[in-house]
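Architecture at a glance
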Amino acid sequence: PFFFEVDLDEGLVDLDLRNDSDTPDVPPPTDSTPEILKRALSGLSARWKNWWIRGILTLAMISVFFLIIYMGSFMLMLLVLGIQVKCFHEIITIGYRVYHSYDLPWFRSLSWYFLLCVNYFFYGETVADYFGTFVQRREQLQFLIRYHRFISFALYLAGFCMFVLSLVKKHYRLQFYMFAWTHVTLLITVTQSHLVIQNLFEGMIWFLVPISSVICNDIAAYIFGFFFGRTPLIKLSPKKTWEGFIGGGFSTVLFGFVFSYFLAQHQYFVCPVEYNSETNRFVTECEPSELFQLKKYSVPLLLQAVLGWETVNMYPFQMHSIALSTFASLIGPFGGFFASGFKRAFKIKDFADTIPGHGGIMDRFDCQYLMATFVHVYITSFIRGPNPSKVLKQLLVLQPEQQLNVYRTLKSHLVEKGILRPSLRG
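Please read these numbers as outputs of a predicted model, since none were measured by experiment. (Residues numbered from 1 in each chain as written. Predicted model: local features only at pLDDT ≥ 70, side-chain atom pairs only at ≥ 80, totals over all residues. Heavy atoms only, no water.)

Topic: the nonpolar core
What counts here: Joining through side-chain atoms within 4.5 Å is the link that ties buried Ala, Val, Leu, Ile, Met, Phe, Trp, Tyr and Cys residues into a set, and such a set is a nonpolar core. The classification of residues rests on relative accessible area computed with a 1.4 Å probe and restricted to protein chains. Under 20% of the type maximum is buried, over 50% is exposed, and intermediate values are partly exposed. Where helices and strands are cited, they refer to DSSP runs of H or I of at least four residues and of E of at least two residues respectively, numbered from the N terminus. Each domain's limits were defined by an automated method or a database of domain assignments. Working rule for contacts: check all heavy atoms of both residues, and any pair within 4.5 Å makes them a contact.
Residues Leu76, Ile205, Trp206, Phe207, Leu208, Phe292 and Leu324 are the most contacted members of the largest nonpolar core, which totals 42 residues. Contributing elements (two or more residues each) for this core: α2 (46-71), α3 (73-99), α8 (172-201), α9 (205-228), α10 (242-263), α11 (267-270), α13 (316-330) and α15 (361-383). Among the elements that take part in this core, α9 stands out by supplying eight residues, more than any other. Structurally, this core is a two-domain feature, drawing no fewer than three residues from each of domain 1 (31-71) and domain 2 (74-202 + 349-385). Setting aside anything within four residues of it in sequence, one finds Leu324 in contact with Trp206, Val209, Pro210, Phe317, Met371, Phe374, Val375 and Tyr378. In terms of nonpolar packing, the next biggest core, distinct from the first, is built from 35 residues, Phe122, Leu174, Phe179 and Phe365 among them.

Listed below in C-alpha cells is the structure:
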C-alpha cells in the first residue's frame, strides 16, 4: 500500500520459507530512521515507535505531495517518472542481489537499456498525442514523431540482439529468468506510470481522487486494524484484519465522495491538461463538462426519513467517485497482497529502505499501479467520448489536398443532416 502497510513487522517470525529454501538470501536493508527520531522515541515500545515513525513520515510525504500539486501538472508528470524509475531500480536490484554470484554479463546494463527503450516509446506516443502543434513547428521532431514506432522497435531489437549475444553456457535458464524478470518489471512500472499520466491529461481530478482514495484506505485500514483488529484477513499479510479492511472501506468511500465535491468546484482540477504552444505552458482552462456541473438528485425514500431531505445537489462526478473508491477499498489491497507474496518469496521485509518506517518506494505504490489501470479502463469505457482537439491536431498534420478532401466530406455530411444549407459556399 501507499503510505501505511501492516503486513510484515520487524520480526518476520511467521514466514513460511520451507518451499523456498533454494532461493538465495537477499541482504537485509539497513535501518534508515534518522537518529533524532530514534532518540525522541527511544522510551516507547516497538509497536508505538513504529506508529510514530510512520505517522511523522506520512505527514511529511503528504505535505510534499500537496506542494507538487500546487506547482502544476508538469511537476506531477516528473514525479510520476521519478517514482517509476525508483520502483524499477528497487525490483531490478532485488534480482541482481539474488543472482549476483552467477556473474551474469550485461544483466543490469540491459535492464536499464530496456527501461530507456520502453520509456522512449511511451513518452513519444504522449508527445504525438498531446503536443501536436508544438511538434509541427520543429522539423527535427516531425521526423522523430513520424518514424517514432519504427525507431522504438529498432532500439528494442538492438537490446534483444545484445541479450542473445550475452547468453553463457550453463546459465541459459537463469538468463532467461532474468530476461523475463526485466520485462515483467517493465510491465508493472512503465506501462502503469504511462497510464497514470494519461489519466492526468484527462483532468487532475482523475489523478488526485484515485491516488487519494488509496492513501485514505491505507491510513484508515491501518488505524482501524491497529485499535480494533482481531480477525486475520489473509495469510500473506498476517497483520491485516477484517476490522481494518471493512473500516477502511467505508472510510474511503465517504472520503472520496466528499473530496470529489471539493475538487469538482475548481477548473484547475476538472479541466483536461493541455499544452499551449504559444505560451509553452500547460493550461487547465475550459468550460467544465456536465460531470462537473451541479445537478439535483432525488434522495431514496429510505434515506429521506433519516436525512429529512427529498432532493440533494451533487456533481455527477461524485457518483463516479463511489466506483473509484470502492475499487480502491476492495480490489486495490490485492496489489499489496501480491507485493507481500513477492517479498516472502525472496525472504525480504521491504523492497528497499528508502523511507524510514515505510520501506521502499515500491512498498508505497504497489496498490497505486493497479488503481491506475482501473481508472484508465474506467475512463475509456464510461467517460471519454470523441476528442475534437485530438481530431483537429491530426487534421493539421495532413497535406493540404487531404485537408480539402476532409473539408468537402464534412461539408457534404453537414448538408445532408440539414445543419448547413446546400447553397453555402466554401
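Further notes follow.
Considerations on the UniProt feature "transmembrane region" (unreviewed entry) in the chain
What counts is decided by this rule: UniProt positions are given in the numbering used here, feature names are shortened, and annotations may be inferred rather than shown by experiment.
When the UniProt feature table is mapped to this numbering, "transmembrane region" (unreviewed entry) covers residues 51-83, 104-123, 143-165, 177-197, 203-229, 241-264 and 317-339. Along residues 104-123 one finds 85% helix and 0% strand; the C-alpha atoms at either end are 30 Å apart.

As for α8
Which entries qualify depends on this criterion: Here, expected helix span is obtained from the residue count minus one, scaled by 1.5 Å. Here the bend at each residue means the angle between axes fitted to two seven-residue stretches, the one ending at that residue and the one beginning there.
Look at α8: 43 Å from first C-alpha to last across 30 residues, which is about the 44 Å you get at 1.5 Å a residue. The principal kink in α8, of about 30 degrees, is found at Leu186. Gly203 sits one or two positions beyond α8 and adopts a positive phi of about 140 degrees.

Describing the pattern of salt bridges
Put simply, the rule reads: In the sections that follow, a salt bridge refers to a side-chain nitrogen of Lys or Arg positioned within 4 Å of a carboxyl oxygen of Asp or Glu.
A full pass over the atoms with the stated rule returns five salt bridges. With its nearest N and O atoms 2.9 Å apart, the salt bridge here joins Arg149 to Glu125. Here Arg149 is found in helix α7 (residues 148-166), whereas its partner Glu125 is found in helix α4 (residues 107-130), with 24 residues between them in sequence. Overall, the relative accessible area of 16% leaves Glu125 in the buried class.

Remarks on the packing of helix α14 (residues 333-345) against α15
Note the following rule: Axis angles are defined between N-to-C directions and span 0 to 180 degrees, where every axis is a line fitted to C-alpha atoms and, for a helix, only to the segment in contact. For classification purposes, an angle smaller than 35 degrees is called roughly parallel, one larger than 145 roughly antiparallel, one from 65 to 115 roughly perpendicular, and anything else oblique. Take the far helix as your reference; a near helix turned counterclockwise from it by less than a right angle gives a left-handed crossing, and one turned clockwise gives a right-handed crossing.
One way to put it is that α14 packs onto α15 with a least axis distance of 7 Å and a crossing angle of 130 degrees. It follows that α14 is oblique to α15 by the angle criterion. Here α14 runs over α15; the crossing is right-handed. Judged by residue contacts, Pro333, Gly335, Gly336, Ala339 and Lys343 of α14 engage Asp363, Asp366, Cys367 and Leu370 from α15.

Details of the confidence of the model for the chain
So the rule is basically this: pLDDT measures how confident the predictor is about each residue, on a scale from 0 to 100.
Averaged over all residues, the pLDDT of the chain is 83; the fraction at 70 or higher stands at 87%. Low pLDDT, under 50, characterises residues 1-22; the predicted model gives this stretch 65 contacts beyond four residues in sequence or across chains.

Considerations on the environment of Ile83
With respect to the element layout, Ile83 can be found in helix α3. Along the primary structure Ile83 and Ile361 are separated by 278 residues, whereas in three dimensions their C-alpha atoms are 7.1 Å apart. Those residues in contact with Ile83, other than ones at most four positions away along the chain, are Ile361, Phe365 and Tyr369.

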